[in-house]
Amino acid sequence: MTGWEKLQYYFEFSFVRYAVIVGVLIALCSSLLGVTLVLKRYSFIGDGLSHVAFGAMAVASVMKLSNVNYLTLPVTVVSAILLLRMGQNTKIKGDAAIAMLSVASLAIGYMLMNVFATSANVSGDVCSTLFGSTSIITLQKQDVNLCIYLSTAVILVFILFYNRIFAVTFDENFAKATGSKANMYNLLIAIITAVIIVLGMNLVGSLLISALIIFPALSAMRLIRNFKGVVICSMIISVICAFVGIVVSILYSTPVGSTIVTTDMVVFLICFSIGKIAKID
């Protein structure tokens, strides 16, 4: 059986189509916010929130909730708001607040999963949560539906508030001076980031989701120098990498999340090289 025939065979199964839909939507949403987060030097907020989401997911698993997202999503959103508020506190700097919250959440989550083990393979459960499902068959239809609804909301919010997001990204002080509610839009960015983190955990894991936010944005910045162009290029790169990563994982039975992130990394190196050769400053 050739690679193409193997791919056609696998795409007859609904769980493979689910993985592609979820992967593309997550990649699309991640790329929209990635450029803003990188330019505002908020890149680490994604990493911090992913650890918080891991802790919340561990609590939800111990509580045996029918859908862990019912707890993980609101907890991660609240944490995003807290991180933003703590980052504005002169006594606790933003990077320190992220480090405190992320490390504490990771430690508590791992401890709970061990003390209140819900399965015989605790190490496997932890590894799956941190690095994504080793198999795409774990995605259910309810996961796909939730991803579609939330992704649509994220895309609509970004389009509706594009001008405001652009303003607070490049000159927050000027935005405030012109009467724009910069703090509110910063809060909106943090909340959307939290939603994206939770969406991506099932596919790529809590430790790898931040890579989907950062790599496409950095790749696009090596090729293009205007904000709208970078956002569009980042979207294209992110979606292509997600699709290629999923296809490669199907053909060669590699972990989905790691394969997608590796694809993003390879594309970044290519874009970095092109930028160096073309001398794009």
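Computed from a predicted structure; not experimentally measured.

Calculation rules
- Residues numbered from 1 in each chain as written.
- Predicted model: local features only at pLDDT ≥ 70, side-chain atom pairs only at ≥ 80, totals over all residues.
- Heavy atoms only, no water.
- Helix = DSSP H or I, 4+ residues; strand = E, 2+ residues; numbered from the N terminus.
- Buried < 20%, exposed > 50% of the residue type's maximum accessible area, 1.4 Å probe, protein only.
- Contact = heavy atoms within 4.5 Å.
- Areas by Shrake-Rupley, 256 points an atom, 1.4 Å probe, with all protein chains shown as cover.
- Expected span 1.5 Å × (residues − 1).
- pLDDT = per-residue confidence, 0-100.

Q: What is the right way to look at the overall build of the protein chain in this model?
A: Of the regular secondary structure elements, the protein chain holds 13 helices and zero strands. Listed by position from the N terminus, the elements making up the protein chain come as α-α-α-α-α-α-α-α-α-α-α-α-α. Residues classed as buried in the protein chain amount to 47% of the 281 residues present. Partitioning the intrachain contacts of the protein chain with sequence separation of at least 6 by distance along the chain shows that 75% fall at a separation of at least 24. Summing over all exposed atoms, the protein chain offers an accessible surface of approximately 13700 Å²; the carbon and sulfur share of this is 68%.

Q: Even after reading the chapter, I still don't get helix α12 (residues 227-252), so can you show me in this structure?
A: Owing to its 3.6 residues per turn, the α-helix brings residues three or four apart onto one side. Relative to the 38 Å expected for 26 residues at 1.5 Å per residue, α12 spans 37 Å between its end C-alpha atoms, a close match to the ideal helical length. Ser253 occupies a position one or two residues after α12 and carries a positive phi of about 55°.

Q: Can you walk me through the environment of Asn183 in this structure?
A: Tracing the backbone shows Asn183 in helix α10 (residues 182-204). The class of Asn183 is partly exposed, set by a relative accessible area of 38%. Between the C-alpha atoms of Asn183 and Val168, which are 15 residues apart in sequence, the distance is 8.8 Å.

Q: I tried to follow the confidence of the model for the protein chain on my own but got confused; where do I start?
A: A residue-level look at the protein chain finds 83% of positions with pLDDT of 70 or above and a mean pLDDT of 79. Per-element confidence in the protein chain ranges from a low mean pLDDT of 58 for helix α6 (residues 122-131) to a high of 90 for α12.

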